[in-house]
Amino acid sequence: MKALDPMVFYAVLVEMMGPWLFWSLILLTAFGLGTFAWVIFREKGLSSRRLVRCELIGVAGGFGALWLMAYVTVSGFTDAGGPVDWLLIGLIWGGGLVGTTILSYASFGLRDRFRWQKRIRTDEKTWPGG
Amino acid sequence: MTFSERKESSKEKNLQSNSCKDCSRRDFLKLFPLLAGTALCMHAQQSEASEPTKTKARIVIAGAGAAGLAAAAQLAKRLDGAEIVLCDARKEHYYQPGFTLVAAGLKPPGYTVSATADYIPPGVKWIPESIVEFDPAGNRVVTDKGQIVRYDFLIVATGLKLDFAGITGMDPALIGKNGLGCVYAGPDAAYATWKAISDFADKGGVGLFGRPKTEMKCAGAPIKHTFITDDHLRRRGNRGKAEIIYAAHNKTLFSIPIVSEKVRMLYEDRGVDIRHEHVLTAIDPARRRATFATPTGNAEIGYDFINVIPPMRAPDVVRKSPLAWRDGPFAADGWMEVDKGTLRHKRFANVFGVGDVAGVPKGKTAASVKWQVPVAVDHLVATIAGTTPELIYTGYTSCPLITRLGRAMLVEFDYKDNLVPSFPGVIAPLEELWITWVMKTIALKPTYIAMLRGKA
Ligand SMILES: Cc1cc2nc3c(=O)[nH]c(=O)nc-3n(C[C@H](O)[C@H](O)[C@H](O)COP(=O)(O)OP(=O)(O)OC[C@H]3O[C@@H](n4cnc5c(N)ncnc54)[C@H](O)[C@@H]3O)c2cc1C
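None of the values given here were measured: they were computed from a predicted structure. (Residues numbered from 1 in each chain as written. Chains lettered and ligands numbered in written order. Predicted model: local features only at pLDDT ≥ 70, side-chain atom pairs only at ≥ 80, totals over all residues. Heavy atoms only, no water.)

### Comments concerning the overall build of chain A
Turning to step 1, where the next piece is worked out: The helix and strand inventory of chain A stands at four helices and zero strands.
Turning to step 2, where the next piece is worked out: Order of helices (α) and strands (β) in chain A, N terminus to C terminus: α-α-α-α.
Turning to step 3, where the next piece is worked out: Taken along its principal axes, the extent of the C-alpha atoms in chain A is 70 × 35 × 25 Å.
Turning to step 4, where the next piece is worked out: Out of the 130 residues in chain A, the part that is buried amounts to 30%.
Turning to step 5, where the next piece is worked out: Contacts in chain A between residues far apart in sequence, at least 24 positions, make up 75% of those at least 6 positions apart. (Helix = DSSP H or I, 4+ residues; strand = E, 2+ residues; numbered from the N terminus. Buried < 20%, exposed > 50% of the residue type's maximum accessible area, 1.4 Å probe, protein only. Contact = heavy atoms within 4.5 Å.)

So, in structure tokens, the structure goes:
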């Protein structure tokens, strides 16, 4: 009778975070991934300069995720007691890093796009006869 | 009786000998959804994929704690048309595993308190009255307001009674004063215990810990508090000023031999002085002295802080009813006479006992409730539907045994004293780990609440 049931996973996460935070995070993730994909599509590839900048922010995001985890579990990383703890710490840090990198890449991509469009519009306006 | 329970119960006896795959401990993975990728989505053992069973059965659930609410939620899902009634006078719901964190100074008392009304499933009627009489021969219960409630099926989930009167001189009103602690007595008592522990951690002296001789809920809790207090003393640089004594009721420290040995090693490492075969019988709160019954007579120990854990028994209403065991190890304290595999009463086939009140070996934890309730519900529903029940309870229970602030051991075991780790090779059961602490602090409560709602 054992079956995979994502509803259990969902129910526990909603209890853990409350529906508002849970759905805000889902929306943020969807926004981040969607925008990231859109930016790559519009720019026809990854901008390596922007990516490096975002990865640096991502490193800070990884540490932010670790801090958040330490805060909610009222503990610290000196409490790691075995390999699985280091694995978990790595996963949390990695999750924070990847999430922040994608979000910041998407945000910078959006910002750059808007600036670029604004410049085109301004250029159109200042074009002789425009 | 209008149902074919008796016929079914004989079928169940045959089933019982088969070990049940569905009750596999690995299902427990879903208790920790944060940690185990897809495994965490393992669904419970309820056979709830099928259509709800149509019935007009009247089902009374005595007690709206962890087990009663979980049973109500599962029955409401699996039955269509049943009249389900919950009886419990208590308006607050206590998340009791959180008492440990409150008494460790990590959470406020409110962390453990919510409203029973929030978990009553739609369609289930709640009578906010206590049951004062069980009449299983007459298929009825009587409440403290004189209401008679008749049933076709009864689920008893009244939890247990903390028998403070079993310790001469013990007065719950004194908890928090004169170095007297008691983690078990409720959210405020847990908080008052924290104040007393904190005071002790500042001043040092003799800290006295132990457990009762009776069956008890969460047998790991007395041990956890020994470690937690030790850690608070160390963090404040006062461990050298304190002596910690653990009074064990018998020759072991935990009912599972391998865990007992591990705790002994950890106690040795932390400098905890173990006194075996010491059963607390009396305290003098003003003089701060505790009396223990030992094989060689009474022994008195003076203390600066004591964590009193009173004897635990079935609530009087169960103990004095025909539902209690009449002989054997569970008779003296009146635990309910149920089959340990099916949770069905051995003499009244339309009655089930789940949670702390059940007279089964071990298993007085919320984790046991998690695995007992689907079994009892499955057998009850199968009786109504005239089908063969599928589930058997193997005695699975678990305890995140905190060994210091920030680390715990995930101890999982069954009736046979086997360790049954949910994450073999990943989370070693006898290893002090942060990941287990993470589960205890953030994953356990939401999973427990989801269980009350019938969603986990
Ligand atoms: C300090 C502490 C730490 C714990 N730690 C853990 C842990 O880490 N992990 C774990 O899994 N478990 C832990 N537990 C155990 C867990 O909380 C219990 O095993 C679980 O709550 C049992 O559920 P229950 O429904 O049987 O009893 P309860 O949840 O106690 O509910 C019993 C209900 O029955 C009602 N009732 C009583 N008498 C009557 C009556 N006559 N009529 C009607 N209603 C009645 C009560 O009002 C109550 O609402 C801990 C418990 C404590 C105290």
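Next comes the rest of the write-up.
### A few points about the packing of helix 1 (residues 6–17) of chain A against helix 2 (residues 19–43) of chain A
All names here are of chain A.
Turning to step 1, where the next piece is worked out: Running from amino to carboxyl end, helix 1 crosses helix 2 at an angle of 115 degrees, the nearest separation of the two axes being 6 Å. Considering the angle they form, helix 1 stands roughly perpendicular to helix 2. Here Y10, L13, V14 and M17 of helix 1 lie close against helix 2, whose contacting residues are P19, L21, F22, W23 and L25.
Turning to step 2, where the next piece is worked out: For the contact of helix 1 with helix 2, the class distribution of residues is nine nonpolar, no polar and no charged. (Axes fitted to C-alpha atoms, helices over the stretch in contact; angles between N-to-C directions. Parallel < 35°, antiparallel > 145°, perpendicular 65-115°, else oblique. Nonpolar A, V, L, I, M, F, W, Y, C, P; charged D, E, K, R; others polar.)

### Things to note about the sheet that holds strand 14 (residues 205–210) of chain B
Residue and element names in this part refer to chain B.
Turning to step 1, where the next piece is worked out: Reading across from one edge, 13-20-14-15-16 is the order of the five strands in this open sheet, with parallel pairing throughout. Strand pairing shows two members of the sheet lacking a second neighbour, strand 13 (180–181) and strand 16 (272–275), which therefore form its edges.
Turning to step 2, where the next piece is worked out: On the sheet, helix 5 (residues 221–235) packs against strand 14, strand 15 (242–247), strand 16 and strand 20 (305–307) and is oriented at approximately 175 degrees with respect to strand 15. (Pairing = 2+ DSSP bridges.)

### Description of the site of the ligand
Residue and element names in this part refer to chain B.
Turning to step 1, where the next piece is worked out: Looking at the ligand, there are 32 residues lining it, with A67, D88, Q96, I131 and D356 nearest.
Turning to step 2, where the next piece is worked out: A366 places a main-chain nitrogen or oxygen 2.9 Å from an oxygen atom of the ligand.
Turning to step 3, where the next piece is worked out: Within the residue set of the shell around the ligand, elements represented by two or more residues are helix 2 (66–78), helix 3 (97–103) and helix 8 (366–385).
Turning to step 4, where the next piece is worked out: Split by residue class, the shell around the ligand holds 16 nonpolar, nine polar and seven charged.
Turning to step 5, where the next piece is worked out: Domain assignment of the residues forming the shell around the ligand places at least three in each of domain 1 (49–160 + 314–394 + 448–452) and domain 2 (164–312). (Near = heavy atom within 4 Å. Polar contact = N/O pair within 3.5 Å; in protein donor to acceptor, adjacent residues only side chain to side chain. Domains from an automatic or database assignment.)

### Re the nonpolar core
All names here are of chain B.
Turning to step 1, where the next piece is worked out: Residues L75 and I283 are the most contacted members of the largest nonpolar core, which totals 126 residues.
Turning to step 2, where the next piece is worked out: Of all the elements, helix 9 (residues 434–452) adds the most residues to this core, at 11 residues.
Turning to step 3, where the next piece is worked out: The contact partners of L75, leaving out residues within four places of it in the chain, are I59, I61, I84, I155, V377, L380 and V381.
Turning to step 4, where the next piece is worked out: If you look at the next biggest cluster of nonpolar residues, it comprises 27 residues, including A196, F209, I223 and L233. (Core = buried A, V, L, I, M, F, W, Y, C linked by side-chain atoms within 4.5 Å.)

### Brief notes about the pairing of strand 11 (residues 153–156) of chain B
All names here are of chain B.
Turning to step 1, where the next piece is worked out: The alternating pattern of strand 11 places F153 and I155 and L154 and V156 on opposite faces, both of which are buried.
Turning to step 2, where the next piece is worked out: Here strand 2 (residues 58–62) pairs with strand 11 via four bridges, running parallel. Note on strand 11: the bridge partner recorded for I59 is F153.
Turning to step 3, where the next piece is worked out: Relative to strand 22 (residues 351–353), strand 11 runs parallel, the two sharing three bridges. Bridge pairing links V156 to G353 in strand 22.

### Observations regarding unusual backbone geometry
Turning to step 1, where the next piece is worked out: Even without being a glycine, K44 of chain A presents a positive backbone phi close to 55 degrees.
Turning to step 2, where the next piece is worked out: Structurally, K44 of chain A can be placed in the loop between helix 2 and helix 3 (48–72).
Turning to step 3, where the next piece is worked out: A positive phi angle, close to 65 degrees, is found at L343 of chain B, a residue other than glycine.
Turning to step 4, where the next piece is worked out: Tracing the backbone shows L343 of chain B in the loop between helix 7 (316–319) and strand 22.

### So, the domain arrangement of chain B
Residue and element names in this part refer to chain B.
Turning to step 1, where the next piece is worked out: Along its sequence, chain B is carved into domain 1 (49–160 + 314–394 + 448–452) and domain 2 (164–312).
Turning to step 2, where the next piece is worked out: Of note, the centres of domain 1 and domain 2, computed from C-alpha atoms alone, are 31 Å apart.
Turning to step 3, where the next piece is worked out: Facing the 19 residues of domain 1 at the interface are 22 residues of domain 2.
Turning to step 4, where the next piece is worked out: A per-residue breakdown of the area domain 1 buries against domain 2 is headed by F99, T100 and A103, which together make up 30% of the total. (Buried area = accessible area lost by both parts, 1.4 Å probe.)

### Brief notes about a positive patch on the surface
Residue and element names in this part refer to chain A.
Turning to step 1, where the next piece is worked out: A cluster of basic residues, R49, R53, R115, K118 and R121, forms a positive patch at the surface.
Turning to step 2, where the next piece is worked out: With respect to the helices and strands, the residue R49 is situated in helix 3.
Turning to step 3, where the next piece is worked out: According to the relative accessible area criterion, R49 is exposed, its value standing at 76%. (Patch = residues over 30% accessible without salt bridge, like charges linked within 9 Å, V, L, I, M, F, W, Y side chains within 5 Å. Areas by Shrake-Rupley, 256 points an atom, 1.4 Å probe, with all protein chains shown as cover. Salt bridge = Lys/Arg side-chain N within 4 Å of Asp/Glu carboxyl O. Lys, Arg positive; Asp, Glu negative; His and termini not counted. Charge placed at Lys NZ, Arg CZ, Asp CG, Glu CD.)

### Overview of the pairing of strand 16 of chain B
Residues and elements named next belong to chain B.
Turning to step 1, where the next piece is worked out: Relative to strand 16, strand 15 is paired through four bridges, and the arrangement is parallel. Along strand 16, the bridge assignment pairs A247 with R275.
Turning to step 2, where the next piece is worked out: Regarding the hand of the β-α-β motif, the stretch spanning strand 15, helix 6 (residues 257–270) and strand 16 is right-handed. (Right-handed = clockwise from strand over helix to strand, strands pointing away.)

### A short note on the environment of A293 of chain B
Residues and elements named next belong to chain B.
Turning to step 1, where the next piece is worked out: Relative to the helices and strands, A293 is located in strand 18 (residues 289–294).
Turning to step 2, where the next piece is worked out: The partly exposed category is assigned to A293, whose relative accessible area is 29%.
Turning to step 3, where the next piece is worked out: The spacing of A293 and Q372 is 79 residues in sequence and 35 Å in space, taken between C-alpha atoms.
Turning to step 4, where the next piece is worked out: When sequence neighbours within four positions are dropped, the list of residues in contact with A293 reads E277, H278, V279, T281 and N298.

### Observations regarding the sheet that holds strand 8 (residues 131–135) of chain B
All names here are of chain B.
Turning to step 1, where the next piece is worked out: Pairing in this open sheet of three strands is antiparallel, and the strands run 8-9-10 from one edge to the other. The open sheet has two edge strands, strand 8 and strand 10 (148–150), and neither has a second partner. The sheet shows a mean angle of 20 degrees between the axes of neighbouring strands, direction not considered.
Turning to step 2, where the next piece is worked out: Of the pairings in the sheet, the one linking strand 8 to strand 9 (residues 140–143) comprises four bridges and is antiparallel in character. Bridge pairing links F134 to V141 in strand 9.

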